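# What the coordinates show
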Amino acid sequence: MTKSYNASLLPYNTFGMDVKASLFAEYETLAELQTLLADEDIIRLMNQQREKGELPFWHIGSGSNLLFKGDYPGVVLHCLSRGISLLNDQGLIEVQAGTTWDDVCQWCVDHSLYGAENLSLIPGETGAGAVQNIGAYGVEIKDLIKEVVCWDVEASCVCRLSCEDMQYGYRASLLKQPDAKSRYIVTSVILQLQTTPVFHLEYAGLKQALAEIPSPTLQDVRNAVIAIRQGKLPDPKVLGNAGSFFKNPVVARSAYEHLPHYDVSDELIKVPAGWLIEQCGWKGKTVGRAGVYEKQSLVLVNRGGARPEEIIYLCQEIVKSVKEKFGIDIEPEVNLI
Ligand code: EPU
């Protein structure tokens with residue numbers, strides 16, 4: 001367990017923002033988390049935040065889906081508990097919240113468990129993935145989730161939220177709503193994988209990448225997904241970013257069916273925000289030290305030493321121009337803190 005004051009968050013956000021937290025604490029076990037939540041300084045800072053109408057604390061994963069808007073005047077928590085265990089021989093596994101998600105994907109491949117391979121190489125930790133409902137290439141983590149095990153900060157007990165309790169939607173869950181976010185801390189996630197082959201190869205790029213392989217294996221699918229991601233998305237170690245900066249907007253089919261889209265329902269479609277942004281001329285553009293990635297306009301990047309306000313300014317300009325050209329509101333997918 002560690003606790004540091006006025007701590008730099010630079011190593012804890014993939015956007016590479018050099019901001020500070022009033023207090024940053026890491027824990028490995030539930031007992032350590034309980035100790036931290038009973039710590040005088042932490043309680044004081046949490047109360048200060050509550051009085052300002054803010055969330056009492058912010059719990060991060062690996063910081064791959066957030067943008068700190070400036071120094072954070074409160075408590076940032078991070079779970080260091082890692083590990084994966086097989087709960088039965090039917091593909092039920094328990095993953096500790098701090099486990100790197102891609103390690104889970106590789107572990108599933110190594111254990112011939114199907115279902116997580118399309119989610120390969122998504123950055124971040126498993127607890128955060130369950131909160132965010134990470135998704136790619138036709139699969140979302142909710143499709144695998146049986147239960148999310150949490151520490152209930154208000155009732156001081158362990159609480160098991162079922163997949164239904166989690167109220168999952170597109171990049172949305174119960175744990176993204178402020179009341180629940182300040183109450184539950186994910187400690188582990190129970191996933192149900194399949195023991196027999198079930199692949200989701202509908203995504204055109206994936207189908208194409210595997211066209212030459214007559215019966216792809218789990219590792220083949222994982223490798224194809226990794227190659228697609230590496231071809232389109234910047235490596236945060238090289239160029240600071242937080243993956244898709246915006247969500248794909250869900251709009252009325254009747255008004256927007258002429259645009260490229262994914263089907264959501266009879267009435268609704270999802271338009272790729274990356275396409276909308278590219279049409280507005282932003283692809284590859286740089287404003288100050290912030291920029292729009294050359295190969296995928298959905299990704300905003302830190303070209304080196306950008307301050308949060310530079311990324312936010314670029315975000316606002318993009319939102320404005322998409323609204324002007326298409327009449328569509330796009331909103332950030334990353335957490336702005
Ligand atoms: N497109 C453009 N220009 C661009 C970017 C995209 O025209 O600059 C077009 C593409 O040609 C394609 C369509 O938009 O026809 C969709 O692009 P892509 O397949 O890259 O997927 P996306 O809708 O932009 C979503 C997720 C990604 C996920 C991919 C694959 C969101 C916000 N993003 O992106 O998730 O990897 O689908 O399933 O839903 C993330 O969340 O960080 C992330 C990377």
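Conventions we followed
Sequence order as written defines residue numbering, which begins from 1 separately in each chain. Reporting of local features is limited, given that this is a predicted model, to residues whose pLDDT is at least 70; pairs of side-chain atoms are given and counted only at 80 or more, and all residues count toward the totals for whole chains, interfaces and linings. Derived side-chain values reflect all non-hydrogen atoms in the structure, with water molecules and hydrogen atoms excluded from consideration. Within this document, salt bridges are pairs made up of a side-chain nitrogen of Lys or Arg and a carboxyl oxygen of Asp or Glu, the two lying within 4 Å of each other. Strands were regarded as paired on the criterion that DSSP finds at least two bridges between them. Under the DSSP-based scheme used, a helix requires at least four consecutive residues in state H or I and a strand at least two consecutive residues in state E, with every element numbered from the N terminus. Whether a residue is near a molecule or strand depends on its heavy atoms: if one lies within 4 Å, it is near. Polar contact criterion, stated in full: a pair of N or O atoms within 3.5 Å, where within protein one must be able to donate a hydrogen and the other to accept it, and residues adjacent in sequence count only if both atoms are side-chain atoms. Surface accessibility in these figures is a Shrake-Rupley result with a 1.4 Å probe; residues are shielded only by whichever protein chains are displayed. Three residue categories are used. Nonpolar comprises Ala, Val, Leu, Ile, Met, Phe, Trp, Tyr, Cys and Pro, charged comprises Asp, Glu, Lys and Arg, and polar comprises the others, including Gly.

Turning our attention to the pattern of salt bridges. Pairs can form between side chains of opposite charge once their charged atoms are near each other. Summed over all chains, the structure comprises 17 salt bridges. In this structure, arginine 253 engages glutamate 257 in a salt bridge whose closest nitrogen and oxygen atoms are separated by 2.9 Å. Look at the salt bridges and you will find they share partners, linking Glu140, Lys142 and Asp143 into a network.

Moving on, we get to the pairing of strand β11 (residues 157-162). Here strand β10 (residues 145-152) pairs with β11 via six bridges, running antiparallel. Bridging across to β11, cysteine 150 finds its partner in cysteine 159. Hairpin connection of β10 to β11: four residues between the antiparallel strands, including serine 156 at a positive phi of 50°.

For the ligand, the set of nearby residues contains 23 residues, the closest of which are Tyr137, Tyr203, Tyr262, Glu278 and Ser297. For the ligand, an oxygen atom lies 3.5 Å from a polar atom in the backbone of glycine 274. Across the complex, the protein chains shield 79% of the 820 Å² of accessible surface that the ligand would expose by itself. At the level of secondary structure, the elements contributing two or more residues to the shell around the ligand comprise β8 (135-136), α7 (218-232), β13 (240-244) and α9 (273-279). Examining the composition of the shell around the ligand, we find that three residues originate from one element, α9, more than from any other. Counted by class, the shell around the ligand contains 10 nonpolar, seven polar and six charged residues.

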